[in-house]
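Observations on chain architecture
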Amino acid sequence: MLTFLPTLVSAGTTLIKVSSNYETQTINLYEGDSIVWEFHNEQPQSVTQVQDAQSCQPAGNGFDSGSIQKVAGKYPNHFYKTFTDAGVYYYASTNACAQGFRGIVNVQKYPVNQLAVMKWQEVAKMQQSFAHKALPLMMLLPVFFV
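Values in this document were obtained by computation on a predicted structure and should not be read as measured data.

In this section: the state of the cysteines. A covalent bond between the sulfur atoms of two cysteines is what we call a disulfide. This model, assessed by the stated rule, comprises one disulfide. For Cys-56, the disulfide goes to Cys-97, at an S-S distance of 2.0 Å. For the disulfide bridge between Cys-56 and Cys-97, the dihedral angle about the S-S bond is near -85°, and by the sign convention the bridge is left-handed. With Cys-56 in the loop between β5 (48–50) and β6 (77–82) and Cys-97 in the loop between β7 (87–92) and β8 (102–108), this residue pair connects regions lying 41 residues apart in the sequence. In this structure Cys-97 comes out as buried when scored by relative accessible area, which is 3%.

Here's what the structure looks like:
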């Protein structure tokens, strides 16, 4: 069995540690978020997009890490994938699919109100930056008009 331990690394990045025990998990992301699979086992594994939740057949144009394994005594190897389009993505290890190394990634669009909040935060930061730089100039204006 392989272990599947999802961990939020930073906003938008999820770390999945793969070792000798595994349970199928569903990960929920937003467009632009990423997953890093970290391989801790010394047996070759892969992260390959498959056709559906029960399939071990690679999807035609899907993502594929190729064979990855940890080298004894070394740091674990990684596979990194950014999901840019909303949708449901199924993945498996071509080497351990029959043993249950599978997962589901649900990628959602950012809610419109969340995008609006993010844009307003960007505008507010720009305004703060501009106001900070413009303040000394504004302090000099009364001198010129007196």
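Spatial ordering of the open sheet is given by β3-β8-β7-β5, a layout of four strands whose pairing is mixed. One side of each edge strand has no neighbouring strand; the edge strands of this open sheet are β3 (25–30) and β5. Between one strand axis and the next, the sheet turns by 35° as a mean value, whatever way the strands run. In this sheet, β7 lies alongside β5 in antiparallel orientation, the contact comprising three bridges. Bridge pairing links Gln-49 to Tyr-91 in β7.

Rules used in this analysis
Residues numbered from 1 in each chain as written. Predicted model: local features only at pLDDT ≥ 70, side-chain atom pairs only at ≥ 80, totals over all residues. Heavy atoms only, no water. Disulfide = S-S within 2.5 Å. Helix = DSSP H or I, 4+ residues; strand = E, 2+ residues; numbered from the N terminus. Buried < 20%, exposed > 50% of the residue type's maximum accessible area, 1.4 Å probe, protein only. Pairing = 2+ DSSP bridges. Axes fitted to C-alpha atoms, helices over the stretch in contact; angles between N-to-C directions.

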